[in-house]
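Observations on the model geometry
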Amino acid sequence: MNIIPIPKKLQVAGFTYKIEQNGRSHRELERASSYGDNQENSLTIRIDSYLLPQLKSHTFVHEVLHIVNDTYNNHSVTEAEIHSIGHGLSQVLEQLGVR
């Protein structure tokens, strides 16, 4: 199984997002009971570094979908829809041998 290579930076719509996976992010996300988040004002994606690889990949896909939604859909897709699309896309990637 290939692991999705989560980069240190990702460009979406001309904006470069910094991706954090460190102890500080883990502690802050754990306090918020969250696997990850994205901060539009600081162009940052945070992913809990303690997650299992499959969950880390899914969280990365989920947060990227939020950014795409915010950038191209003016925040019109709901959290529930992002969650469903993220699961579907993660399943497709898994079938293609990418985790």
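What you see as residue numbers is a count from 1 along each chain, following the sequence as written. Residue-level local features of this predicted model are given only where pLDDT is at least 70; pairs of side-chain atoms are given and counted only at 80 or more, and the full residue set underlies all totals for whole chains, interfaces and linings. The basis for every side-chain value is the complete set of heavy atoms in the structure, and neither hydrogens nor water enter the calculation.

Side note on the side chain of H26
With respect to the element layout, H26 can be found in helix α1 (residues 23-31). Given a relative accessible area of 11%, H26 falls into the buried group. The contact criterion used is simple: two residues touch if any of their non-hydrogen atoms lie within 4.5 Å. Residues in contact with H26, not counting those within four places in the same chain, are D48, S49 and Y50. Here a helix means four or more residues in a row that DSSP labels H or I, a strand means two or more in a row labelled E, and each is numbered from the N terminus. Burial classification: accessible surface area is computed with a 1.4 Å probe over protein chains only, and a residue below 20% of its type maximum counts as buried, one above 50% as exposed, and the rest as partly exposed.

A word on the pattern of salt bridges
Here a salt bridge means any side-chain nitrogen of Lys or Arg lying within 4 Å of a carboxyl oxygen belonging to Asp or Glu. As enumerated under the stated definition, the model contains four salt bridges in all. A salt bridge links K18 to E20, with the nearest nitrogen and oxygen atoms 3.5 Å apart. Given the relative accessible area of 41%, K18 is considered partly exposed. A salt bridge links R24 to E28; its shortest N-O distance comes to 3.0 Å. Residue R24 and its partner E28 are located together in helix α1, separated by four residues, close to a single helical turn. When its relative accessible area of 57% is taken as the criterion, R24 is described as exposed. According to the relative accessible area criterion, E28 is partly exposed, its value standing at 24%. Bridged by salt links that share partners, the residues R24, E28, D37 and R46 form one connected network.

As for the sheet that holds strand β1 (residues 9-12)
Two strands pair if DSSP finds at least two bridges between them. Strand order in the open sheet made by the four strands is β1-β2-β4-β3, with mixed pairing throughout. Bordering the open sheet on either side are β1 and β3 (36-39), each of which pairs with just one other strand. Taken over all neighbouring pairs, the strand axes of this sheet differ in orientation by 20° on average, direction set aside. Pairing analysis gives four bridges linking β1 to strand β2 (residues 15-20), with the strands arranged antiparallel. Paired with K9 across the strands is K18, a residue of β2. Contacts between α1 and the sheet are confined to β2, β3 and β4 (44-47), with β4 contributing the most and set at about 80° to the helix. An axis is simply a line fitted to the C-alpha atoms; with a helix, the fit covers only the stretch in contact. Between two such axes, the angle follows the N-to-C directions and lies from 0 to 180 degrees. Each of β1, β2, β3 and β4 is contacted by helix α2 (residues 53-72), which is oriented at about 30° to β3, the strand it contacts most.

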